[in-house]
Amino acid sequence: MASLPSVAFNGNLKLEPDIRKTPTFDKSQNVSYPNGDLEKNIFNLKEPLSTFNEGTQFESSFYVPLLQECAAKRSLSNAQMVHAHIVKTGTYGDEFVMTSLVNVYGKCGHMEYAQMVFDRLPGRNVVSWTGLMTGYVHNSQPEAGIRVFIQMLEVGAYPTSYTFGTILSACSSLVYVKLGKQLHAYIVKYGIESDTSVGNALCSFYSKSKSLPSAVDTFRRIEEKNVVSWTTVISACGDNGDQMMGLRYFMIMLSEDIELNEFTFTSILSLCCVIHALEVGRQIHSLSIKLGFQGNLLIDNSIMYLYLKCGFVKEANKLFDEMDSVSSVTWNAMIAGHAQMMDLAENRVYAHHSGYQALNIFLKMHRSGTKPDLFTLSSVLSICSALIALDQGEQVHAQTIKTGFLADVIVGTALVNMYSKCGNIDKAATAFEEMHKRTMISWTSMISNFAQHGRSQEALQLFKEMLSAGEKPNKITFVGVFSACSQAGLVDEALEYFEMMKKTYKIKPIMEHYACLIDMYVRLGRLEEAFDLTKKIGCEPNDVIWSLLIAGCRSQGNLELGYYAAEQLLKLKPKDKETYVMLLNMYISAERWQDVSRVRKMMKAEKFGKLQDWSWLSIKDKVYSFSPKNWSYPLKIEVEHYLGLLLDEFKSKGYQSQNQQVINEEDDEAEPVSSAVYHSEQLAIAFGLLQTKKDVPLRIVKSSSICSDCHTFIKFVSETTDRKIVICDSKRLHRFVNGHCSCGDFNNLII
DNA sequence: CTAGGGTTAG
């Protein structure tokens, strides 16, 4: 697909230096309607022809302004009415009229009609060609636009600066870097690089191609820079990591006395989002109000999103409540903004809360009657994934079908992930198979999903299918591949793919790749090879790798290496509670009491609170929270009684608590000693078992990691009660079926 | 020139 345009296009471009002014319609024709009221004039067209003044000329000068009006108002129905009238009066066939029709149908998003009219055009000129092209490019069919461009070159028509602008924008959205550069070469050759619209398009193209220096360079060459040129170069800086330069350009722009428009403001505000420059954003917002943009929907959306990005939820909500009119974009920004609070949150308790807030906003949007679009649906699906909210996810699935947005690749990919993350890998696989179109990310997702569910063979099989489908893997794809190999202990395959990644795809290994491979060796008990690999990374291993090694050392009884790894980890994450608990457990199990008290002292010095243990169980559309510290969860007496019964039963079947782990760090305050302290997920599971039918899988999110006792306990539960249990803890996804867990029982479990 | 979307190991 990517090679088609550049091959067909190579060397065929015919552009004469003297032909570059677009033939335009004579603007003076626009005066033929005294009151300029489109509706009224269109209405007149409904009258029989005989009611028109004698001598009315139904020619292009009569229709073209009407059609331009329809295009500006995006009014398809009016355009169709004019079209009918044109046919009735026999004016159809006029070149100007037909070109206008192509344009108006393109603007109204009706490309079938645009193409139909174009096909019947007797004499095509560059305006009609460009009109058709622009229609396709603006209606999310850039490939079709480029096809038209090539056809145009084949019949020997000359492109103009307008044509270049359109095709460059197609190259931008498709990231056809090669074709874009070829076009640039022709643009330079014929000396139209300094044209404002061409220069703007070039700047935007280079920005989308991730080449900021070229974008800036093309901007500089524009002779008469307009507001679009400035806005484009500012966005280019914002999108390509040099936000400060963007701000500097904004300052220069202000001093140059250019009139700002709403796009300038949204660009500069979204640049502020990246660097969390709330104060600058506020000043910009004030400036926009000063310049008369108060209440502007786009600008209000941007400033609200900036508040959310900077973590000021209350302020964002206040702004939202104050806005008189909101669009789906406003809702989407609210949802996405709250969803990203999940990543920003300092702990998983808060993250979980943010996720449900985002879902509540979605509910409000629904109640307000605003229709969800593909942005809404993909965001909400990924929120459901994070919350393991299957019931909500299924409702959203229904909506994607109803609205037809399921056909969108991104929505489809989000759906696949939702099912997988909610524990239903089979439904995920079905959704993946049913996708009409897949991108590299869709393939990567499904490979990772199979790996996460311990279905390594299917993951690797899918990877092969991906390659034969001609899709190029990226570094994240290989994370999925290595993780599949690691799960299944496929050392040779892993090393083979590692070489393939470096040699065939020229991808430099990243820390995550090494983590997967080290995980693989550790699972196989090959600690030495795991340690050897840490030395090949070329830089200091990260905390994930040290944790893996510690877990391996603990299970292998290689304490010396374990201590070494533990101290390294402590250096890397001196503020992390889980690290301390892990260390403490290691020293306790080795009965190294001096180290135990040393670590305890360090923990006290760090003064962090207790490790929070919360679990959330979702049943239908309700979420129940459980914590051993919280005495108010529902059915408390029944739950504890039932857990006691289960424990007795499991013990008779061989369940033994390792009892080595500390649950909490040493307490300063005496706690009432309860006869049985259960962990939050145990409470959640017992409650779920009591409240739901046998065939309902239990889905739980846990704030910290599952401890090995609970892990064993849950395996017993899944076997004796014949329940599927899915738990997403702070480290990974566990799916318990019939006494087995998809994590392969290798955990660096801590509390 | 146009805000808002899907992939990562433990």
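Residues numbered from 1 in each chain as written. Chains lettered and ligands numbered in written order. Predicted model: local features only at pLDDT ≥ 70, side-chain atom pairs only at ≥ 80, totals over all residues. Heavy atoms only, no water.

### Overview of the pairing of strand S5 (residues 733–737)
Logical step 1: Bridge count for strand S4 (residues 725–728) against S5 is 4 bridges, and the pairing is antiparallel. From the neighbouring strand, Val726 faces S5, where its bridge partner is Arg735.
Logical step 2: Between the end of S4 and the start of S5, which pair antiparallel, lie 4 residues.
Logical step 3: Pairing of S5 with strand S6 (residues 740–741) involves 2 bridges; the strand directions are antiparallel. Bridging across to S6, Val737 finds its partner in His740. (Pairing = 2+ DSSP bridges. Helix = DSSP H or I, 4+ residues; strand = E, 2+ residues; numbered from the N terminus.)

### Some words on the sheet that holds S5
Logical step 1: Sheet architecture is open: 6 strands sit in the order S2-S1-S3-S4-S5-S6, paired in mixed fashion. Only two strands of the sheet have a single neighbouring strand rather than two, namely strand S2 (622–626) and S6.
Logical step 2: Sheet analysis places strand S3 (residues 698–702) next to S4, joined by 4 bridges and oriented parallel. Looking at the pairing, Arg699 lines up with Val726 of S4.

### Digging into the domain arrangement of chain A
A common measure of how large an interface is: the accessible area buried when the components associate.
Logical step 1: Partitioning chain A into structural domains gives domain 1 (359–555) and domain 2 (615–666 + 676–741).
Logical step 2: The C-alpha-based centres of domain 1 and domain 2 are spaced at 26 Å.
Logical step 3: Summing both sides of the interface, domain 1 and domain 2 together bury roughly 1100 Å²; the carbon and sulfur share of this comes to 50%.
Logical step 4: Here domain 1 and domain 2 share 1 salt bridge between them.
Logical step 5: Between Arg699 and Asp391 there is a salt bridge, with the nearest N and O atoms lying 3.1 Å from each other.
Logical step 6: Summed over the shared surface of domain 1 and domain 2, the number is 5 residue pairs in polar contact (both at pLDDT 80 or more).
Logical step 7: Of the residues that constitute the side of domain 1 that touches domain 2, the class distribution is 6 nonpolar, 6 polar and 4 charged. (Domains from an automatic or database assignment. Buried area = accessible area lost by both parts, 1.4 Å probe. Salt bridge = Lys/Arg side-chain N within 4 Å of Asp/Glu carboxyl O. Polar contact = N/O pair within 3.5 Å; in protein donor to acceptor, adjacent residues only side chain to side chain. Nonpolar A, V, L, I, M, F, W, Y, C, P; charged D, E, K, R; others polar.)

### As for the pattern of salt bridges
Logical step 1: Counted under the stated rule, the structure contains 20 salt bridges.
Logical step 2: The salt bridge involving Lys427 is made with Glu394; its shortest N-O contact spans 3.1 Å. Of this pair, Lys427 sits in helix H24 (residues 425–433) while Glu394 sits in helix H22 (residues 390–403); the two residues are 33 residues apart in sequence, bridging distant segments of the chain.
Logical step 3: Lys427 sits in the partly exposed class, given a relative accessible area of 37%.
Logical step 4: Owing to a relative accessible area of 28%, Glu394 belongs among the partly exposed residues under this scheme.
Logical step 5: Look at the salt bridges and you will find they share partners, linking Glu567, Arg592, Asp595 and Arg598 into a network. (Buried < 20%, exposed > 50% of the residue type's maximum accessible area, 1.4 Å probe, protein only.)

### Concerning helix H19 (residues 328–344)
Logical step 1: With 17 residues, H19 extends 24 Å between its outermost C-alpha atoms, agreeing within 8% with the 24 Å of an ideal straight helix rising 1.5 Å per residue.
Logical step 2: Most of H19 is tucked away, with 13 of its 17 residues classed as buried.
Logical step 3: Two or three places before Val329, at the opening of H19, Ser327 has a side-chain oxygen 3.1 Å from that residue's backbone nitrogen. (Expected span 1.5 Å × (residues − 1).)

### Some points on the packing of helix H36 (residues 680–691) against helix H37 (residues 708–720)
Logical step 1: As a packed pair, H36 and H37 sit with axes 11 Å apart at the nearest point and diverge in direction by 15 degrees. As judged from the angle between their axes, H36 and H37 are roughly parallel. Between H36 and H37 lies a crossing whose hand is left-handed. Where H36 approaches H37, its residues Glu681, Gln682, Ile685 and Leu689 are matched on the opposing element by Cys710, Phe713, Ile714 and Val717.
Logical step 2: Of the residues assigned to the contact of H36 with H37, the class counts are 6 nonpolar, 1 polar and 1 charged. (Axes fitted to C-alpha atoms, helices over the stretch in contact; angles between N-to-C directions. Parallel < 35°, antiparallel > 145°, perpendicular 65-115°, else oblique. Left-handed = near helix turned anticlockwise from the far one by under 90°. Contact = heavy atoms within 4.5 Å.)

### With respect to the protein's contact with DNA strand B
Logical step 1: Close to DNA strand B lie 43 residues; Leu298, Asp373, Asp408, Thr439 and Glu512 are nearest.
Logical step 2: Within 4 Å of the protein, the contacting atoms of DNA strand B are 38% sugar and phosphate, with bases supplying the remainder.
Logical step 3: At 3.3 Å from a phosphate oxygen of DNA strand B is found a side-chain nitrogen or oxygen belonging to Lys421.
Logical step 4: At a separation of 3.3 Å, a phosphate oxygen of DNA strand B approaches a polar side-chain atom of Asp519. (Near = heavy atom within 4 Å.)

### Details of the packing of aromatic side chains
Logical step 1: As enumerated under the stated definition, the model contains 23 aromatic pairs in all.
Logical step 2: On the numbers, 5.1 Å between centres and 75 degrees between planes, the contact of Phe219 with Trp230 is edge-to-face. Within this pair, whereas Phe219 is found in helix H12 (residues 212–220), its partner Trp230 is found in helix H13 (residues 227–239), the two being separated by 11 residues in sequence. One exposure class covers both Phe219 and Trp230, and it is buried.
Logical step 3: Taking the centre distance of 5.5 Å and the plane angle of 65 degrees together, the rings of Phe463 and Phe478 count as edge-to-face. With Phe463 in helix H26 (residues 456–468) and Phe478 in helix H27 (residues 475–488), this pair connects stretches of sequence that are 15 residues apart.
Logical step 4: Relative accessible area serves as the criterion here: at 0%, Phe463 is assigned to the buried category.
Logical step 5: Judged by relative accessible area, which is 0%, Phe478 ranks as buried. (Phe/Tyr/Trp six-rings, centres within 6.5 Å; stacked < 30°, edge-to-face > 60°.)

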